[in-house]
Every structure is written in structure tokens, then in C-alpha cells.
Amino acid sequence: MNGKRAWLVWGVGVFAYLIAVTHRTSFGVAGLVATDRFDATASALSAFTVIQLVVYAVLQIPVGVLVDRFGPRVMIATGAGLMAVGQLQLAAATSVPGGVVGRIFVGAGDAMTFIAVIRIIPLWFPSFRVPVLTQLTGQLGQLGQLISLVPFAFVLHAAGWSPAFAGLAGLGVLACVLSAALLRNAPQGMEAPASKDGIKETAVNLTTAWQQPGTRLGMWSHFATQFSGTVFVLTWGYPFLVSGQGLDSGTASVLLSLFVVVGIICGPFLGSWVGRHPLRRSSMVLAVTLATAAAWAAVIAQSGPSPLWLLVLLVLVLAIGGPASMIAFDFARTFNPSHRIGTATGIVNVGGFVAALISMYIIGIILDLLNSVGFSSDGLYSLDAFRVAFSFQFIVLGFGFAAVAITRGKVRRGMAERGEVVPPLRDVLADNRRRREQFKKEQQAQRESRKR
Ligand SMILES: N[C@@H](Cc1c[nH]cn1)C(=O)NCC(=O)O
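Every value quoted in this text rests on a predicted model; they were computed, and no experiment measured them. (Residues numbered from 1 in each chain as written. Predicted model: local features only at pLDDT ≥ 70, side-chain atom pairs only at ≥ 80, totals over all residues. Heavy atoms only, no water.)

**Quick notes on the overall build of the protein chain**
Link 1 in the chain: A count of helical and extended segments in the protein chain gives 17 helices and zero strands.
Link 2 in the chain: Over its C-alpha atoms the protein chain spans a radius of gyration of 23 Å, differing by no more than 12% from the 22 Å that the globule rule assigns to 452 residues.
Link 3 in the chain: Contacts spanning at least 24 positions in sequence make up 83% of the contacts within the protein chain whose residues lie at least 6 apart.
Link 4 in the chain: As displayed, the protein chain offers around 19,000 Å² of accessible surface, 66% of which is attributable to carbon and sulfur atoms.
Link 5 in the chain: Of the side-chain charges in the protein chain, 35 are positive and 19 negative, and the distance between the mean point of each set is 10 Å. (Helix = DSSP H or I, 4+ residues; strand = E, 2+ residues; numbered from the N terminus. Rg over C-alpha atoms; globule rule 2.2 N^0.38 Å. Contact = heavy atoms within 4.5 Å. Areas by Shrake-Rupley, 256 points an atom, 1.4 Å probe, with all protein chains shown as cover. Lys, Arg positive; Asp, Glu negative; His and termini not counted. Charge placed at Lys NZ, Arg CZ, Asp CG, Glu CD.)

And the structure:
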């Protein structure tokens, strides 16, 4: 494999994904300005992001199939072009329907990017590098949120709505041109596994990917770990921190930036841990799901604003959900043959985004409902209203936890039939303890025999 070329191809893919994440998160930063521009209620405002995510989620499986068929290059360049068109439309829009059309284009282009970018990695790099590079791709892409939070927010407030979104459209054009010019689906001389299947074979392929319990384990893992952070960063986190918790906008932006930084730091560790403990991937997913529920319970249980350290802890736990959700793609890759990885990845990626959009929409509805019945004198974004609305996440977390636990049982039964038995975690821990004690005893005996 050509080393330098592989890094260049991967780098361009990561850049395209980073710009996609910038497009995706830009509206969350512009939320309060958008309320004035479009004269919108909380649920109308959340509709922008919800519709964008519906389009993204609905297109995941078709896009996964298309990635297997046409390869990543076409998909990534087309996606970048569509997002540029969407941001231009949003720059010009003055009504809710006009703005929503822009976000539909953004959702469609975004849907084409990530699963195509991570499809490049196993084609250009040896398999031992794949888990860490997949993690790095996911995490580096999240830097796009920082572009939204800092330069984009600055231009938005300094120059106004249209120049800010037109600027993002320009970045989209750059990503489109670079992808078309520099990306290659596979190294020279190695044929990218492209499926030439017709509709019937594609349907069979899709059904086979879905029937593989490992694909479904990936989908539920993605569902359980990624939605809470996505909801926080894309929609309700900023108003919760500023209007609910009473933080100034600078501190809220630092907390949201911390989300990205923690993900970037934890990602490679989690990637290498996954490489070393492939049989414990689902245990990590379950642990992160429980930690997310515990962090939210601690914040929601406070009758007034939470201390800053607790909000930092919440953001840390939500941020770890990002790298943890990347484990889901490892399930897709390791339980499916090469020509079906795009399709399986598309199925997996639906999980977290469906959970996120259900949660953000229902949270918006609960906030509006509580406001309309005069639940709090502090208005729409009061802390008490947020405490009630955010509690909805416990239902989603509980559902995700149960689905992962049940599907993992199916996967393990299938593995046992093939003679691969996963020893229970407590046996492994007891075994490690025994070995450590044995090692200590041997060291002690050696020291004593040397003294004699
Ligand atoms: N798991 C995410 C990526 C991620 C990593 N850290 C935080 N988020 C994911 O599913 N990405 C898909 C996408 O299109 O972004």
C-alpha cells in the first residue's frame, strides 16, 4: 500500500467529514438568532434540526447500499456539493419553509459523508490500524463543531445571517472540489469491492446485513451511546446551559467545546482498547449507557442550577458517548463481509440518529407544552421545564440498554454455536486477580531466595 497516498486520501476524507459536521452543527449555534429571524417557537425551531436528521437517518441505508455500489469518492463529493447548496439556500431564506428546504439539502449531503469516509479506511490501511483510524475519523470530524462554535458564531454575530451561511457554503464547495480531485476508492492495482448487484440482489444483501445479529448489535449500540450527546450539542444543550442553568454564553461555548476535545482525547484510547478486547466491546457500550443515565440523574435531581463541576462532569460523560458509539461501526465491520460493510454501516448509523431525533423533538414538545400551561414563571427555557423535558432521555437510554443486552445475547449464542465462547466478565476479572496474586507470590519467593 502507498503510505503517503493512503494518508492523503484519508486526510481529504476526514476534511470532508469535518466540514459536514460544521454544516450539521451550524444551526444549533444560530438557534437564538434563528428564533428572531424566523419568528419561531421552540418546536418550530427544533423542526429545522429534526427534519435535517430525519433526512439524514432515512438516507443512511440507501446511501450504505450506494457506497457499496459506487465507492466512497462519488458519494463524498456529491454530499459536499449538496450541503453547499443547502447552506446557500439557508443564507437566503427568510421563512421557516425556506429555511427547512436548506436543511433538507444539508441532511441529504451529510448522510453521504461519514459512512463513505469510514469505508475508505479498510481499503487503504492494514487491518490492525482500522479501529484507531475509525475512531480518529469520528473524533477529528467533530472539530467541525468548533468551527461552528467559534469562527462561524463570530461571523454570524459580526456580519449577520446571510454572510455566515454563505461562508459555510464556500467551505462545502472546497470539500467537494478536493474530494473529486484527490480521493481514490482504493490503491492502484487493488480493485475496490464494488457490487454490481441489481435490485433483487441488493434487497437480498440488505436483508442479509440486517439478519446478521452483529449488525443489529451495532445499531443498538449506536442508538444507546450517541443520542444524548447529539441532542445536547445540536439543539438543547446551549439554551439549557444559558437560559436554564444561567451560565454566560462564553462558559456555555467552552463547555460545548470541551465536548469535542474530550472526544478527541478519548477516541484513540477507546480505539486501541477495542482492538485489544474485541470480546468486551458491548460491555463498554453498556457501561457508557449507564454512566450517561447516572450523569443526567445527578443534574436533573438538583432543584436549582447545578454546580459548574457537575455540568463539566455531564459534558465529559456525554462526550465519551461519541467515541463509545464508534464501537458500533466496529461491529458492522467485523460481522460482515467486505462487500456488505457499507450497507451494514448504514444500518448501524440509523440507530443513534433516530434516537437523537426522537429525543430532540419530544423534548421540544414537552418544553412548549409546559410553557403553554404556565408550568414555570421563568418561561419557555426555564430550568424546571428542562429538568422535566430532559427526563424523557431515561426512557430512550433504558430502551437502548435493554436492546443491546438482548442482541448481545443473540450474537453470543451464535458465536457459541461456532465454538467461540465468550467467558463471563466476572470469570475473566477473577482470573486476572488470581494471576496477579500468583505473580506477586512468585516475585516475593524470588526476593526471599535471593536474600538467603
Ligand atoms: N458516532 C458518531 C461520530 C462521533 C464521534 N464522536 C462523536 N460523534 C457518528 O455516528 N457519526 C456519524 C456521522 O455522520 O457523524
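On we go.
**Concerning the packing of aromatic side chains**
Link 1 in the chain: In this structure the tally under the stated criterion is 24 aromatic pairs.
Link 2 in the chain: Between the aromatic rings of W220 and F223, the centroid separation amounts to 5.2 Å while the plane-to-plane angle is 70°, which identifies the pairing as edge-to-face. In this pair, W220 and F223 both sit in helix α10 (residues 213-244), three residues apart, roughly one turn of the helix. Taken as a pair, W220 and F223 share a single burial class, namely buried.
Link 3 in the chain: A connected cluster of aromatic rings, assembled from ring pairs, spans F232, W236, F240, W296, Y381, F386 and F390.
Link 4 in the chain: Positioned above the aromatic ring of W210 is the side chain of R216, whose terminal nitrogen or guanidinium carbon lies 5.6 Å from the ring centre. (Phe/Tyr/Trp six-rings, centres within 6.5 Å; stacked < 30°, edge-to-face > 60°. Buried < 20%, exposed > 50% of the residue type's maximum accessible area, 1.4 Å probe, protein only. Lys NZ or Arg CZ within 6 Å of the ring centre and 35° of its normal.)

**So, the side chain of S179**
Link 1 in the chain: Its location among the elements puts S179 in helix α8 (residues 161-182).
Link 2 in the chain: Judged by its relative accessible area of 0%, S179 falls in the buried class.
Link 3 in the chain: Ignoring sequence-local partners within four residues, the contact set of S179 consists of V12, A16, R73, I76 and A77.

**Quick look at empty space enclosed by the protein**
Link 1 in the chain: Enumeration over the complete set of coordinates arrives at six cavities of 30 Å³ or more.
Link 2 in the chain: Of the volumes computed, that of the largest cavity is approximately 360 Å³.
Link 3 in the chain: For the largest cavity, the lining is made up of 30 residues, of which Y17, R24, Q142, Q226 and T230 are closest to its centre.
Link 4 in the chain: Breaking the lining of the largest cavity down by element, the ones donating at least two residues are α1 (3-29), α6 (130-141), α10, α11 (249-276), α13 (308-335) and α14 (341-372).
Link 5 in the chain: Element by element, the count of residues in the lining of the largest cavity is highest for α13, at eight residues.
Link 6 in the chain: Here the residues of the lining of the largest cavity are counted per class, giving 14 nonpolar, 15 polar and one charged. (1 Å grid on protein atoms, 1.4 Å probe; cavity = no way out; pocket = protein on both sides within 12 Å on 5 of 7 lines; lining within 4 Å. Points joined across faces, edges and corners; volume = space filled by probe spheres on them. Nonpolar A, V, L, I, M, F, W, Y, C, P; charged D, E, K, R; others polar.)

**Overview of the packing of α6 against α13**
Link 1 in the chain: At their nearest, the axes of α6 and α13 sit 10 Å apart, and the two run at 135° to each other. Relative to α13, α6 is oriented oblique. Classified by chirality, the crossing of α13 by α6 is right-handed. In this structure, α6 contributes V130, P131, T134, Q135, G138 and Q139 to the contact, and α13 contributes G322, P323, M326, D330 and R333.
Link 2 in the chain: Considering only residue class, the contact of α6 with α13 consists of four nonpolar, five polar and two charged. (Axes fitted to C-alpha atoms, helices over the stretch in contact; angles between N-to-C directions. Parallel < 35°, antiparallel > 145°, perpendicular 65-115°, else oblique. Left-handed = near helix turned anticlockwise from the far one by under 90°.)

**Observations regarding the site of the ligand**
Link 1 in the chain: Residues in contact with the ligand amount to 16 residues; listed here are only the nearest, Y17, R24, Y56, H222 and S325.
Link 2 in the chain: At 2.4 Å, a side-chain N or O of Y17 approaches an oxygen atom of the ligand.
Link 3 in the chain: With respect to the ligand, the side chain of Y56 contributes an N or O atom lying 2.3 Å from an oxygen atom.
Link 4 in the chain: Burial of the ligand by the surrounding chains reaches 96%, relative to a free accessible area of 380 Å².
Link 5 in the chain: Judged by the proximity of its atoms to the pocket grid, the ligand belongs to the largest cavity.
Link 6 in the chain: Residue assignment for the shell around the ligand shows that the elements contributing at least two residues are α1, α6, α10, α13 and α14.
Link 7 in the chain: Ranked by the residues each element gives to the shell around the ligand, the list is headed by α13, at five residues.
Link 8 in the chain: Of the residues in the shell around the ligand, the class split is seven nonpolar, eight polar and one charged. (Near = heavy atom within 4 Å. Polar contact = N/O pair within 3.5 Å; in protein donor to acceptor, adjacent residues only side chain to side chain. Sits in = over half its atoms within 2 Å of the grid points.)

**Focus on the environment of I366**
Link 1 in the chain: Tracing the sequence through the fold places I366 in helix α14.
Link 2 in the chain: The sequence separation of I366 and R436 amounts to 70 residues, and the corresponding C-alpha distance is 52 Å.
Link 3 in the chain: In this view, I366 contacts V388, A389 and F392; residues no more than four positions away in its chain are not counted.

**Observations regarding the nonpolar core**
Link 1 in the chain: W161, F165, F232, W236 and F240 are the most contacted members of the largest nonpolar core, which has 124 residues in total.
Link 2 in the chain: If one sorts the elements of this core by residue count, α13 sits on top with 15 residues.
Link 3 in the chain: For F240, the residues in contact, after removing those within four places along its chain, are F232, Q245, W296, V299, L311, L383, F386 and F390. (Core = buried A, V, L, I, M, F, W, Y, C linked by side-chain atoms within 4.5 Å.)

**What to know about a nonpolar patch on the surface**
Link 1 in the chain: Nonpolar side chains collect at one region of the surface, where L66, F70 and V74 lie side by side and expose about 250 Å² of accessible area between them.
Link 2 in the chain: Topologically, F70 is positioned in helix α3 (residues 42-70).
Link 3 in the chain: Given a relative accessible area of 46%, F70 falls into the partly exposed group. (Patch = residues over 30% accessible without salt bridge, like charges linked within 9 Å, V, L, I, M, F, W, Y side chains within 5 Å. Salt bridge = Lys/Arg side-chain N within 4 Å of Asp/Glu carboxyl O.)

**Regarding the pattern of salt bridges**
Opposite charge on two side chains permits them to pair, given that their charged atoms come into close proximity.
Link 1 in the chain: On inspection of all chains with the given rule, the structure shows five salt bridges.
Link 2 in the chain: For R24, the salt bridge identified is with D110, shortest N-O distance 2.6 Å. Of this pair, R24 sits in helix α1 while D110 sits in helix α5 (residues 96-124); the two residues are 86 residues apart in sequence, bridging distant segments of the chain.
Link 3 in the chain: Bridged by salt links that share partners, the residues R281, D330 and R333 form one connected network.

**As for the environment of G351**
Link 1 in the chain: Topologically, G351 is positioned in helix α14.
Link 2 in the chain: G351 gets classed as buried once you look at its relative accessible area, which sits at 4%.
Link 3 in the chain: In this structure, the C-alpha to C-alpha distance between G351 and F227, residues 124 residues apart in sequence, is 8.6 Å.
Link 4 in the chain: If we ignore the near neighbours within four places in the chain, the residues touching G351 are M219, H222 and F223.

**Some thoughts on the side chain of Q226**
Link 1 in the chain: The residue Q226 is located in helix α10 in this model.
Link 2 in the chain: Overall, the relative accessible area of 14% leaves Q226 in the buried class.
Link 3 in the chain: Not counting residues within four places of it along the chain, the set of residues in contact with Q226 comprises G321, S325, G352 and F353.

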